[in-house]
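Fold and contact review
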Amino acid sequence: MNRSIVIKNTKKLIIIILSFVILTGCSSGTASDPAINKSVSGTAADKNVTEPDKNGIVTVTDMEGNDVEVPVNVEKVACISQSATDLMIAFGLGDKIVGTYRSFTYNPWAGVIYPKALEYKAYSYSVSAEELLKDGVELVIIQDTENAEAFRNAGIPVIAVHQYSPEGVFDEEIYETAHILGEIFGEETKREAAEWERDVKDAINEVSSLKKSTCDETVYYINGEKQKGLFYSDGGNSMISSILSTAGLSLATEKYEVLNVHDVSDEEMIKLNPDAMLIGGAYQNYLMQELYDSELWSNLDCVKNDRVYRIPVAMTGIENVSAETPVMIRYTASLFYPDYDYDLDKDLKENIKKYFDYDLSSEDVYNMKNAFSKDGEVMVNAE
Amino acid sequence: MKITVSKLSFSYENKEEVLKDISFNIDGCGITVLLGLNGCGKTTLLDCIIGYHPVGKERIFIDGRDINRYTANELAHKISYVPQKVECKIDYTVYEYILMGRYPYIRPGRHPSKNDCDIAKKYMEQCRIAHLARKEITQISGGELQIVSLARALSQETEFIIMDEPFSALDFSNQSIVVELIKRLSEEKRHILLTTHNPNHALHMESSAFLMKGGRIIKWGMAEEVINVTILREIFGETVCLSKDLPFNEVSLKLRRLSG
Amino acid sequence: MQNDYYKGLRSYYLTVAICLVVIAALFLISLFTGRYMIEPEEVIAFIENKEIPELSGRIITKLRIPRTIIALFTGASLAVSGAIYQGVFNNRMASPDLLGVSSGASLGACIGILMDLSFEKIVIASFAAGNLTVCITVMIAKLIGKQTEFSLILSGIATGGLMSSCIGLTKYLADDERKLSEITYWLLGSFSSSTMKEAAFISPVLTICFMICLLSVNTIDIISLGKKEAKVSGVNYNMSVLILISCATLMTASCVSVSGVIGWVGLTVPNLVRLVFGNMHRKVLMLSMLLGIVFMMLTDMLARTLSPDEIPLSVITGIIGTPLFLFSVIGRRKRDKVLQ
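Residues numbered from 1 in each chain as written. Chains lettered and ligands numbered in written order. Predicted model: local features only at pLDDT ≥ 70, side-chain atom pairs only at ≥ 80, totals over all residues. Heavy atoms only, no water.

The next thing to look at is the side chain of asparagine 271 of chain C. Residue and element names in this part refer to chain C. Within the secondary structure, asparagine 271 sits in helix α12 (residues 265–277). Of note is the side chain of asparagine 271, whose polar atom sits 2.9 Å from the backbone oxygen of leucine 267. In contact with asparagine 271, not counting residues within four places along its chain, are Gln86, Arg92, Phe325 and Ser328. (Helix = DSSP H or I, 4+ residues; strand = E, 2+ residues; numbered from the N terminus. Polar contact = N/O pair within 3.5 Å; in protein donor to acceptor, adjacent residues only side chain to side chain. Contact = heavy atoms within 4.5 Å.)

Moving on, we get to the packing of aromatic side chains. One pass over the structure, following the stated rule, counts 12 aromatic pairs over all chains. Between tyrosine 101 of chain A and tyrosine 125 of chain A, the aromatic rings sit 4.3 Å apart at their centres with planes inclined by 15 degrees, giving stacked as the arrangement. Of this pair, tyrosine 101 of chain A sits in strand β4 (residues 97–101) while tyrosine 125 of chain A is found in the loop between β5 (121–123) and α5 (129–134), placing the two residues 24 residues apart along the sequence. One aromatic cluster is present, formed by Phe91, Tyr175 and Trp196 of chain A through successive ring pairs. A cation over an aromatic ring shows up here: lysine 114 of chain B above the ring of tyrosine 6 of chain C, its NZ or CZ 4.5 Å from the ring centre. Its end group placed over the ring of tyrosine 97 of chain B, arginine 152 of chain B keeps NZ or CZ at 5.5 Å from the ring centre. (Phe/Tyr/Trp six-rings, centres within 6.5 Å; stacked < 30°, edge-to-face > 60°. Lys NZ or Arg CZ within 6 Å of the ring centre and 35° of its normal.)

Attention shifts here to the domain arrangement of chain A. Residue and element names in this part refer to chain A. For chain A, the domain assignment lists domain 1 (36–196) and domain 2 (212–369). The distance between the C-alpha centroids of domain 1 and domain 2 comes to 26 Å. Between domain 1 and domain 2, the contact holds 26 residues from the first and 29 residues from the second. Where domain 1 abuts domain 2, roughly 2500 Å² becomes buried across the two surfaces, and 57% of that area is made up of carbon and sulfur atoms. Broken down residue by residue, the surface that domain 1 buries against domain 2 is led by Trp109, Ile113 and Trp196, which jointly contribute 27%. Viewed at the interface, domain 2 and domain 1 are joined by 1 salt bridge. (Domains from an automatic or database assignment. Buried area = accessible area lost by both parts, 1.4 Å probe. Salt bridge = Lys/Arg side-chain N within 4 Å of Asp/Glu carboxyl O.)

If you look at the interface, chain B gives 46 residues, while chain C gives 41 residues. Here chain B packs against chain C, burying approximately 3800 Å² in sum over the two surfaces, 54% of which is carbon and sulfur. When the buried area of chain B at its contact with chain C is split by residue, Ile90, Tyr103 and His111 of chain B rank highest and sum to 16% of it. One can count 4 salt bridges joining chain B with chain C. For the salt bridge of arginine 152 of chain B with glutamate 229 of chain C, the shortest nitrogen-to-oxygen distance reads 3.5 Å. For the pair chain B and chain C, the interface holds 20 residue pairs in polar contact (both at pLDDT 80 or more). Elements with a minimum of two residues in the side of chain B that touches chain C: α1 (42–49), α2 (72–78), β6 (79–82), α3 (94–99) and α4 (114–126) of chain B.

Residues and elements named next belong to chain C. Remark: helix α5 (residues 119–144) packs on helix α8 (residues 196–215), axes separated minimally by 11 Å, with the N-to-C direction vectors making an angle of 40 degrees. Considering the angle they form, α5 stands oblique to α8. When the axes of α5 and α8 are compared, the crossing they make is right-handed. Contact with α5, carried on its side by Phe119, Glu120 and Val123, involves Lys197, Glu198, Phe201 and Ile202 of α8 and no other residues of that element. A per-class count over the contact of α5 with α8 returns 4 nonpolar, no polar and 3 charged. (Axes fitted to C-alpha atoms, helices over the stretch in contact; angles between N-to-C directions. Parallel < 35°, antiparallel > 145°, perpendicular 65-115°, else oblique. Left-handed = near helix turned anticlockwise from the far one by under 90°. Nonpolar A, V, L, I, M, F, W, Y, C, P; charged D, E, K, R; others polar.)

Next comes the structure, spelled out in C-alpha cells:
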C-alpha cells in the first residue's frame, strides 16, 4: 500500500515535470528561432521598393519590416496615427483620410487649421475590421498593431509606422513615415516629403552648430498626449531623445532603451534629478497642476529653478514626427542656449503657413504655446 | 461466491497499522457482520475489500482471483457498496441516483435500457422509497438518503453487497425495514457484509459475526454462539453494562456511570 | 416511474433539436449582421454559390465565417469544460475561471506572446500552464483539508490569484508600445483576429475532446458520486479523472489561446442547464454545449455590431452572464422551497 502512494506521487510528479518540459520546450524552441520574416532594418536607403507593376500594386516595406502590397491611387485611408495624419495633411493628402486616431480629433486646432479634419472619423487601435470596410477604407496606416491581423484578414493592407526605433536610436527613422507616404502616394508626395526632410535637416544643422557652446544638460520629458501621469515618458529609442541629442542635450531617461511607465519610480526621479523638464500634449495643463501639487515633484531642482517648459500643441503636439518637427528642433535648442537668436512665434506662424496654408494670429500662437484652444480655453480633455 | 482475505495488514501512509494480519473466508450466501468499536478498523477492512485501498498481491481474493487482477468494471459486477455517508453534492433526483447503480452494465455513452429502468424501479419499491423518486438527494433526510444509497447498490445486482454502518442514520422503523430487507436479500442468494457497533443487529439477522478489536479479528462464528457477555465486555470495555436475554435474542447495553 | 427517464428524454431531444435549429439560424444571421451591411439576399446568393460583390464575399469568408466558427467552438468548449469540472469535482461552483484554469492558461499564452511564439506553440504553452494550474489547485485543496467543496474553490481562487499576479508580471515586463496592449486587449477576450487557420487548428482538437466527453457522460455521473462509490461502480477513477480533467483543460486552453479569456460561460451555462434539465451529465454536457454555442454566437454578434470598436467579449459575457448565474442559483433555491 505504500507502493501505491509512491505511484500516486510519481504520477503527479510526472505530470508536473511534463508540463514544465513542454513549457520550457516551446520557449527554448523559439529562443533559437530568430525573427526570420521580419527584417527589422533601418534607413530608407536600403528600402526595398518596387515600381508599380501592371496591376497597379506597389510594394512598400513598413516600419515593422513587413512588405505590404498597396494599390496605387488609394483614395480612402484610415490613418490611425497622429503623426502620419499630420504629415499626410501637410503633404496635401488630407482628402484621402477617412478617419484618424481619436486623440487627433480631440485637439481643436486640427479642425481650425484644416477644417476638413472635423469630418474625420475617430478610430481607436482596436477598431473593428468591418467598421473600416463599411467606411470603404482601402489602406490602414497605424501606430499600434494589436488588431492589425484582423485588418489583414479583411484584405485591407496595413502599414505600421512608429515613433520609436525598434532598437537603438531614432535618427534616420524620423524621415521614414514621410518616405513611406511618398512610396504609397507617388511622385508629388515624394517631392513634398523631400522638401520637408530638407527643412528638418536644415533645422538640425542650425541647431548642431550651437553644440560648440557646451551644454550637456539632462531633460525629463512628460508625454501628456494621454492622461497617463507624470511618469509617462519616453526612452532612448524615441523621437524626443533624438531631438534633444541634436542640440547636445540628453534625455534623462535615455538609458532606458525602451521606456515603460513603471521604469521610473519616485526615488528614481530624485536620482535622475534632471536639469529641465519638457511637458507636451493636450493634457499638459492638467499634468502641470499635478506636478506643482506633488511634494516630490515640486521640490525637484528643475521645478524650483522654474525650468519646466511647455511644448506647443499645433496640428498635433509638435514633439511628434510631424510637419512642425523643424519648429520643435529649433524651439528645444532655444530653451537651453540663451544666445541663440530664435523667435518661436514667427517660426510657428511660418511653418503652419507653409505646410497647412493657415495664417496664425499672435493670439493663436499664444494659445498653442499654452495648450489652449483657439478660444483660449484649456483643451477639451484636459480636465 | 467467495471472498478470501489472507494475512492482510494495512496502514495509512506509514503510520501505525490499522489492520493487523487479518485472515478470513466468506463463502456462500448469508449475512456477515463486522462488529467492533469506532476506529477498530472495520471501515478500512471494507475499503480494502471493495478495492478502494490498494492492497498487496495475494491478500484478497474474490472468487479465487486476486482483487488486483480485476478491472474496475469486473469488480462492479461482483461487489456493490453502500457508504456510511453519501458524499455527492450534486442534486440528482433519487430516481436518477438509483439508476446509476445500473451503469456498470451500460456501455459508454449509451442510455440505460428500459430493463435498467425497471430494475431501478423494482428496488426503489422494495426499499419503500418510491414516493421519493422525484426528490433531490440533497433535499431528503440522512436516513432516507441511506436507504436510497442502499437501493442504488441493490440495483447493481451483485452477489456481494457491502455496507458500511447501514443503520447509523436510521430511525427505529427504518432500521427494522432495512434489517428485514437484508434478511430477504440473504435468502435471495446474496451475501451481505456489513459493519455495525450494535451487537443486536447481528443477533436479529441471525448472521455470522466477526468481532474486531484494535485491527484484529478476535473471534468469529455464528452470532448467537460468538456474542456473549465476556467477549462483549472485552470489546466494549468496562463502560457498558451487559445482560443477554437469550429468548429475545437481545443484548441490553447500558451506559455505566464512570467512577470518579 | 420507469418511464420517467424516457419521458425526460423526449423533452431533452426536443430541446436539442430546437437548439440545433437556433444555432443554424444564428449562423446565418451572423453572416449578415455586422458593422458592414450585407443584404440577406447577398448571403443567400453566397450560400447558393452565386456571384456576389467582391467586398461582401471577402467580409463573409475572411471575417464573419472564421469568427463565427471560432465563437461556436469556444462557446461549446467553455460550457462543456465547466460542466465537466463541476461533475468531476462534485461541485456546482467549479468552472474554468474559479479553478484558476483560465488564468493559468492565459499566463502560458502571455508568456508565449512575450516570447513571440507561434500560434501553435502558444496553444501548447497555455495547455501546459492550464494543466499545471489544475494540479496546483487540486493539491492545495487537499492540503486545506477534507471539506472539498469549499477548499477547492478557495484554492482555485488562491491559485487563480497567483496566476493573475504572474500575468501582471508579464504585463510589467512587456514593453508599453506593442506587446502590453496586445496582452491587455487579448486578456479581455476577442474574436477579431480569428482566421480559418486558427479554426482549422483548434477544431480537430476540440472535436476529439467533445467525443471523449460525450462518450464518458455516464462516467462523469459516477465520478460525481465520490471516489469510493465510483470505484465500486466500475469506474477506473484515477484514470478517468485524469482524462476528463485533461480534456476540459485542453478545451479551455485552446479557447484561451485563440480568443483570450472569456469569463462566465463555463459557470453560467451548465448551471442554467442543471436548473432546467436536471443533473444527468448526458443531458448537461450536450445541452451545455449547444447553449454555450448559442450564448457565444450572440455575444460575438453584440461585440461586433454595437460599437465601431471591438467590444471585449468578457465585458459582454460578464454583463449577461452574472444575472443569469444569479438567476440559476436563486431559481434553484425557489424550486427547492416549492418541492418541500
